[in-house]
Amino acid sequence: MTNKLRYFIGNWKMFGDFGSFKIIHKINQFSHESKNQFKKKIILCVPNTLIYFFKKKLKSKIISLGVQNCHYHQGYGPFTGSVNASMLKKAGAEFIILGHSENRSEGETNQLIKKKIKSALKEKLNIIFCIGETFKEKKKGKTFSILKKQIRSSLEKKFNISKIIFAYEPVWSIGTNKIPKMNELENTIKFIKNELKKTFKTKKSPKVLYGGSVNDKNICLFSLISEIDGFLIGGASQYPKKFIDIVKNYYK
Ligand code: PGA
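Since this is a predicted model, take the numbers as computed values, not measurements.

**Student:** What am I meant to see in the overall build of the protein chain here?
**Tutor:** The helix and strand tally for the protein chain stands at 10 helices and 8 strands. Every one of the 252 residues in the protein chain was classed for burial, and the buried ones make up 53%. In the protein chain, of all internal contacts separated by at least 6 residues, the share reaching a separation of at least 24 is 72%. In the structure as shown, the protein chain presents an accessible area of about 12,400 Å², 54% of it carried by carbon and sulfur atoms. Taking the average location of the 49 positive side-chain charges in the protein chain and that of its 18 negative ones, the two points are 5 Å from each other.

**Student:** I keep staring at the site of the ligand and nothing clicks. Help me out?
**Tutor:** Taken together, 13 residues lie around the ligand, and K13, H100, E169, G175 and S213 are the ones closest in. Between the ligand and N11 there is a distance of 3.4 Å, counted from an oxygen atom to a side-chain nitrogen or oxygen. A distance of 2.7 Å separates an oxygen atom of the ligand from a polar backbone atom of G175. Coverage of the ligand by the protein amounts to 95% of the 280 Å² it exposes when considered alone. A majority-of-atoms criterion places the ligand in the second largest pocket. Partitioned by chemical class, the residues of the shell around the ligand number 3 nonpolar, 8 polar and 2 charged.

**Student:** Can you help me understand the nonpolar core in this one?
**Tutor:** In summary, soluble globular proteins display a tendency toward joint burial of nonpolar side chains. Counting residues in each nonpolar core, the largest one holds 63 residues, and the members touching the most others are F8, I24, L44, I117 and F231. With 6 residues, the top contributor of residues to this core is helix α8 (residues 182–200). Residues I43, I165, A167 and L232 belong to the second largest nonpolar core, which totals 12 residues.

**Student:** Just to check I follow, could you spell out the pattern of salt bridges for this structure?
**Tutor:** Oppositely charged side chains may form a pair once their charged atoms are brought near each other. Scanning all chains against the criterion turns up 14 salt bridges. The residue K116 makes a salt bridge to E108 at a minimum N-O spacing of 2.6 Å. There is no split in this pair, since K116 and E108 are both buried. In this structure, K217 and D216 form a salt bridge, with 3.7 Å as the shortest nitrogen-oxygen distance. Here the salt bridges do not stand alone but share partners, grouping K114, K118, E156 and K158 into one network.

**Student:** Explain the sheet that holds strand β7 (residues 208–211) here, please?
**Tutor:** Note on sheets: strands pair through backbone hydrogen bonds, and any given pair is parallel or antiparallel. What the 8 strands build is a closed barrel, ordered β1-β2-β3-β4-β5-β6-β7-β8; its pairing is parallel. Adjacent strand axes in the sheet meet at a mean angle of 25 degrees, parallel and antiparallel pairs treated alike. Note that strand β5 (residues 126–131) and strand β6 (residues 164–168) share 5 bridges and pair parallel. Counterpart to I131 in the pairing with β6 is Y168. Together, β5, β6 and β7 form the strand contacts of α8, whose direction differs from that of β7 by roughly 145 degrees.

**Student:** Explain unusual backbone geometry to me, please; I cannot follow it from the model alone.
**Tutor:** If a residue is not glycine, its phi is most likely negative; likewise, a peptide bond is most likely trans. Phi is positive for K13, close to 55 degrees, though the residue is something other than glycine. A positive phi is found at S213, a non-glycine position, where the angle reads about 55 degrees. Structurally, the position occupied by S213 is in the loop between β7 and α9 (219–222).

**Student:** Would you mind going over the pairing of strand β1 (residues 6–11) with me for this structure?
**Tutor:** Two faces make up the sheet, and in a regular strand the side chains alternate between them. With 6 of 6 residues buried, β1 is to be regarded as a mostly interior element. Of the two faces of β1, the one carrying R6, F8 and G10 and the one carrying Y7, I9 and N11 are both buried. Where β1 and strand β2 (residues 40–45) come together, 6 bridges link them in parallel fashion. Counted as the bridge partner of R6 is K40 from β2. Each parallel crossover has a hand, and for β1 linked through helix α1 (residues 21–33) to β2 it is right-handed.

**Student:** Is there a simple way to explain the pairing of β6 in this structure?
**Tutor:** Counted residue by residue, β6 has 5 buried out of 5 residues, so it is predominantly covered. Side chains I164, F166 and Y168 project from β6 onto one buried face, and the interleaved I165 and A167 project onto a second face that is buried too. Here β6 runs beside β7; their pairing, made up of 3 bridges, is parallel. The partner of F166 across the bridge, within β7, is V208.

**Student:** Whenever I open this one, the state of the cysteines confuses me. Can you help?
**Tutor:** Cysteine pairs can be covalently joined through their sulfur atoms, and such a bond is termed a disulfide. Summed over the entire model, instances satisfying the criterion amount to 0 disulfides. Of all cysteine sulfurs, the one in C45 lies closest to C130, which takes part in no disulfide; the gap is 9.1 Å.

Analysis parameters
- Residues numbered from 1 in each chain as written.
- Predicted model: local features only at pLDDT ≥ 70, side-chain atom pairs only at ≥ 80, totals over all residues.
- Heavy atoms only, no water.
- Helix = DSSP H or I, 4+ residues; strand = E, 2+ residues; numbered from the N terminus.
- Buried < 20%, exposed > 50% of the residue type's maximum accessible area, 1.4 Å probe, protein only.
- Contact = heavy atoms within 4.5 Å.
- Areas by Shrake-Rupley, 256 points an atom, 1.4 Å probe, with all protein chains shown as cover.
- Lys, Arg positive; Asp, Glu negative; His and termini not counted.
- Charge placed at Lys NZ, Arg CZ, Asp CG, Glu CD.
- Near = heavy atom within 4 Å.
- Polar contact = N/O pair within 3.5 Å; in protein donor to acceptor, adjacent residues only side chain to side chain.
- 1 Å grid on protein atoms, 1.4 Å probe; cavity = no way out; pocket = protein on both sides within 12 Å on 5 of 7 lines; lining within 4 Å.
- Sits in = over half its atoms within 2 Å of the grid points.
- Nonpolar A, V, L, I, M, F, W, Y, C, P; charged D, E, K, R; others polar.
- Core = buried A, V, L, I, M, F, W, Y, C linked by side-chain atoms within 4.5 Å.
- Salt bridge = Lys/Arg side-chain N within 4 Å of Asp/Glu carboxyl O.
- Pairing = 2+ DSSP bridges.
- Axes fitted to C-alpha atoms, helices over the stretch in contact; angles between N-to-C directions.
- Right-handed = clockwise from strand over helix to strand, strands pointing away.
- Disulfide = S-S within 2.5 Å.

Structure below.
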């Protein structure tokens, strides 16, 4: 079993209401009970409507809470229906997912994501920055060039890289039950880490997670790749048992 810190991050997407607190409570309890057993960090990224409520209700919190997107604008402004990083921070978010492919497919560009990262960093939020290729790009052998472009056009060298966790999420594996071949995944994670070390001129790479159809069964395969620092878990994070089993089975 590894003694390196591993991240298990839930991305609830558009799911949940006030009653979903029981899910958070169960996962928090598990995290407490197993705190000396596994070296892990659990973060749940929930809808904006729930962050303040969960934060207040969760006593002796061992897990962290985050959100899933923000507007790029720093202050208040005429942006109907939007919330900025500062509002989310004040509501209790510690982490924020940015660059998720479900938002990229709605028109988010690398340039727009960069503005969002900048504003979230200003608010001292920790960022979970998603990158990944589409199936078409993979077929054309473009995976590495796409990842490189996503990294280089959304990040500036002066960014505080220690506040950014990277999540490699191949678009074709999100919510599809399809996962990459393990040797390909290992190479891709290594590629991302090398790219980050080169770009930011650091000896140690930032954390790089994997996301896309992670479940309590296939986690055993992923656990064999030591370069993966953790997981971004969508669908399965909406069920406490499934999420907890992913963590437990990772360490089996
Ligand atoms: P999934 O989603 O686990 O349901 O594939 C992952 C994600 O969207 O982050």
